[in-house]
Amino acid sequence: MNAIVKVENVGMSFDTKKGRFIALQNVNLQIKKGEVVSLIGHSGCGKSTLLNLIAGLTLPTSGVMLCNGREIAGPGPERAVVFQNHSLLPWLNCFENVYLAVERVFGTKEGKEKLKARTNEALEMVHMSHAAQKLPHEISGGMKQRIGIARAFAMEPQILLMDEPFGALDALTRASLQDELIGVMEKTGATVVMVTHDVDEAVLLSDRVVMMTNGPAATIGEILEVKLPKPRDRLALAHDAHFVECRAAILEFLYQKQMKKAA
Amino acid sequence: MTTASLTSGLVAVRPEAESAPVVRGEVTKTEDSKMGATTHTDKAAAAPAKADDSVSFDTHLGNFVRKVIPPLLGFALVIGVWALVAMKSADFPGPGKTWDAAVVLFSDPFYSNGPNDQGIGWNILSSLKRVAIGFGVAALVGIPLGFIIGRFAFMNSMLEPIISILRPVSPLAWLPIGLMVFKAADPASTWTIFICSIWPMILNTAQGVQRVPQDYLNVARVLNLSEFKIITKILFPSVLPYMLTGIRLSIGTAWLVIVAAEMLTGGVGIGFWVWDEWNNLKVEHIIIAIFVIGIVGLLLEQLLLLIARRFSYGAN
Ligand SMILES: Nc1ncnc2c1ncn2[C@@H]1O[C@H](COP(=O)(O)OP(=O)(O)OP(=O)(O)O)[C@@H](O)[C@H]1O
Ligand SMILES: [Mg+2]
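Section: the overall build of chain A
Summing up its helical and strand segments, chain A has nine helices and ten strands in all. In terms of C-alpha radius of gyration, chain A reaches 19 Å, essentially the compact-globule figure of 18 Å for 263 residues. With respect to the three principal axes, the spread of C-alpha positions in chain A is 55 × 45 × 40 Å. Put simply, 68% of the contacts in chain A that link residues at least 6 apart link residues at least 24 apart.

Printed below as a string of structure tokens:
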């Protein structure tokens, strides 16, 4: 099995003022190349913690994290991250924000013209070419998130990690960005791990939905395979039997199996 | 990250809170605690101006009246009280006499009859020159030092106690040391400016470095940026507003201190001029000097606010 990411018996605990807090315990997960996986669970269960571990922004306190068979020792450009709060640098315009990433990844091999072309291409992909010269505070929240996605995709990462990429957006913007993301993923065949709170989003976008139990000491509760053909169309899916089934399964997990502990 | 202890109790001014109370560095021993100074003026003035476009002439007029009348009343009140006091006292010149003296003084600000008798323009310029030099050197030393303290916990722990002890000392206490080392009055007063300017620069820069949002540092880590890129693209731009706050605080203090330093050292300069006019018993000149010092200080501060606004990156 050609898993690009392997999470083996991973545990993560934090030292807090009140003593040791075990956030994750015994997490096992394998992510295949080209797969889209969502992490879903109640707030505070440890989704971001797991994503940050894969990103290498934090290191696990026990267990092993592998990427391409090598231990994850820190962050790297082959694992691009789309941050929940976009994290664009406010003093760089949209083009420069993307260019900074492109330059870092391809700067040693390619000339300036090629780097600029890559940047423009990435902006084009999220339909943001018109705002290339604008500063982040001059564009809307949805647009910032698109630039964040463009920045991540422009790096041509092996894995794209997204922490609630559309969490802060209204439903309409969210839907259109999801559609955009479907298009981009289709085009690039990227491996994606994404954290979400949104059941529909999870089913619509993923091949597998990883459902996490409530913390502390959270782990993976169930994994659901979404066997819907791609590309997916949200309108057609609304009445699709399998879509409804998947949705129901996640809702059941979240609101029956995991609800009592959360209370 | 590291130097919370260093910056928390000391000069800790967030650049985005332009109108929040600003903690000044101290000038004399009596002022060594926090001196609240607010700069509401710029915001209050800017807010109505923005809304003006679509409103009627009446509101225009109303805004104008509301903006202009109260300050005018304030000035009128001060001048009135001043005139009353002057009437009761023989030595104290009234507004009229002072105005006449000012007209004479400013009709030829750049005359020069030897080192002890120069026009007020020269005096202001030579004070400004000292401030510029002391301040410039302080920036050259203080800002890199602030970066180092902010970035390395070790340096922070090493320098924190020293800075904490030296910072509350009035810069004038350093004047004799300056006189001893430089054996001349002029560099000695520049030296006091250096001393008083350097603390806010170090502390604000250090604080800026520590406050670089973790998100930006995470971006740097994910992109695996080189140390050079981290400094130029992330650290420097996000510290810049803090640095400018440090600079603004410094220049305010420096302008306060130069007057006192020049009074002690003599030479050419606005502070010396005040002392000289006191010896000549020209009280109206002292009053003029007070206004001039105030206005120059205000202009310096406004200039730096202007620069700071240029680098505030919109909402952030
Ligand atoms: N640096 C930290 N120090 C201490 N505890 C932490 C730290 N980071 C996370 N935690 C704890 O770990 C648990 C999981 O946090 P995490 O941010 O991963 O949750 P989440 O599932 O992403 O929640 P949300 O959906 O609200 O974003 C929480 O209880 C949180 O308090
Ligand atoms: Mg989270």
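Once the structure has been displayed, the description carries forward.
Comments concerning the packing of helix α5 (residues 120-151) of chain B against helix α12 (residues 283-310) of chain B
All names here are of chain B. In the contact formed by α5 and α12, the axes pass within 12 Å of each other and the chain directions differ by 45°. Judged on the interaxial angle alone, α12 and α5 are oblique. Here α5 runs over α12; the crossing is right-handed. On α12, the residues touching Ile 120, Ile 124 and Leu 128 of α5 are Val 292, Val 296 and Leu 300.

Quick word on empty space enclosed by the protein
To find leftover empty space, a probe the size of one water molecule is rolled over the atoms. Under the definition given, this model contains three cavities of 30 Å³ or more. One number sums up the size of the second largest cavity: a volume of about 50 Å³. For the second largest cavity, the full set of lining residues is Ala 80, Val 81, Phe 83, Arg 151, Ala 152 and Met 155 of chain A together with Val 219, Val 222 and Leu 223 of chain B. Mapped onto the lining of the second largest cavity, the elements with two or more residues apiece are β6 (79-82) and α4 (141-154) of chain A together with α9 (214-223) of chain B. Among the elements that line the lining of the second largest cavity, the one with the most residues is α9 of chain B, at three residues. Looking at the lining of the second largest cavity residue by residue, the classes come out as eight nonpolar, no polar and one charged.

Quick look at helix α3 (residues 112-125) of chain A
Residue and element names in this part refer to chain A. Across its 14 residues, α3 extends 20 Å between first and last C-alpha, which sits within 8% of the 20 Å expected from 1.5 Å per residue. By the burial criterion, the buried members of α3 are Leu 115, Arg 118, Thr 119, Ala 122, Leu 123 and Met 125. Around the axis of α3, the buried residues are gathered within 160° of arc, so they sit on the same side. Across from the buried face of α3, at angles greater than 90 degrees, the exposed residues are Glu 113 and Glu 121.

Regarding the environment of Leu 179 of chain B
Residues and elements named next belong to chain B. Inspection of the secondary structure puts Leu 179 in helix α7 (residues 175-182). It is 8.9 Å that separates the C-alpha atoms of Leu 179 and Thr 265, two residues lying 86 residues apart in sequence. Those residues within four positions of Leu 179 in sequence are excluded, and the remaining contacts are Ala 184, Ala 185 and Ala 188.

A short note on the nonpolar core
Within the largest apolar cluster, 155 residues are counted, with the highest numbers of intra-cluster contacts made by Phe 153 and Ile 250 of chain A together with Ile 270 of chain B. The dominant element in this core, judged by the number of residues it contributes, is helix α10 (residues 227-265) of chain B, at 15 residues. With residues near it in sequence (within four places) discarded, Ile 250 of chain A still touches Ile 40, Val 199, Val 203, Val 209, Met 211 and Leu 224 of chain A.

A short note on the site of ligand 1
Residues and elements named next belong to chain A. The full set close to ligand 1 counts 13 residues, and Ser 43, Gly 44, Lys 47, Ser 48 and Thr 49 are the nearest of them. Alone, ligand 1 offers 630 Å² of accessible surface; in the complex the protein occludes 62% of this. The leading source of residues in the shell around ligand 1 is helix α1 (residues 47-55), at three residues.

A closer look at a nonpolar patch on the surface
A surface patch of nonpolar side chains, amounting to about 610 Å² of accessible area, comprises Phe 57, Leu 61, Phe 64, Val 65, Ile 69 and Leu 73 of chain B. Mapped onto the secondary structure, Phe 57 of chain B falls in helix α3 (residues 57-88).

Focus: the interface of chain A and chain B
Across the contact, 22 residues belong to chain A and 18 residues belong to chain B. Summed over both sides, the interface between chain A and chain B buries roughly 1,900 Å², with carbon and sulfur atoms accounting for 70% of that surface. Looking at the side of chain A facing chain B, the largest losses of area belong to Trp 91, Leu 100 and Arg 104 of chain A, adding up to 32% of the total buried there. For the interface between chain A and chain B, the tally reads one salt bridge. Note that Glu 103 of chain A and Lys 229 of chain B form a salt bridge whose closest N and O atoms lie 2.9 Å from each other. Taken together, the connections running from chain A to chain B amount to six residue pairs in polar contact (both at pLDDT 80 or more). Mapped by element, the contributors of at least two residues to the side of chain A that touches chain B are β6 and α2 (94-106) of chain A. Counting residues per element, the side of chain A that touches chain B draws most heavily on α2 of chain A, at four residues. A per-class count over the side of chain A that touches chain B returns 13 nonpolar, five polar and four charged.

Parameters at a glance
Residues numbered from 1 in each chain as written. Chains lettered and ligands numbered in written order. Predicted model: local features only at pLDDT ≥ 70, side-chain atom pairs only at ≥ 80, totals over all residues. Heavy atoms only, no water. Helix = DSSP H or I, 4+ residues; strand = E, 2+ residues; numbered from the N terminus. Rg over C-alpha atoms; globule rule 2.2 N^0.38 Å. Contact = heavy atoms within 4.5 Å. Axes fitted to C-alpha atoms, helices over the stretch in contact; angles between N-to-C directions. Parallel < 35°, antiparallel > 145°, perpendicular 65-115°, else oblique. Left-handed = near helix turned anticlockwise from the far one by under 90°. 1 Å grid on protein atoms, 1.4 Å probe; cavity = no way out; pocket = protein on both sides within 12 Å on 5 of 7 lines; lining within 4 Å. Points joined across faces, edges and corners; volume = space filled by probe spheres on them. Nonpolar A, V, L, I, M, F, W, Y, C, P; charged D, E, K, R; others polar. Expected span 1.5 Å × (residues − 1). Buried < 20%, exposed > 50% of the residue type's maximum accessible area, 1.4 Å probe, protein only. Arc of directions from axis to C-beta. Core = buried A, V, L, I, M, F, W, Y, C linked by side-chain atoms within 4.5 Å. Near = heavy atom within 4 Å. Areas by Shrake-Rupley, 256 points an atom, 1.4 Å probe, with all protein chains shown as cover. Patch = residues over 30% accessible without salt bridge, like charges linked within 9 Å, V, L, I, M, F, W, Y side chains within 5 Å. Salt bridge = Lys/Arg side-chain N within 4 Å of Asp/Glu carboxyl O. Buried area = accessible area lost by both parts, 1.4 Å probe. Polar contact = N/O pair within 3.5 Å; in protein donor to acceptor, adjacent residues only side chain to side chain.

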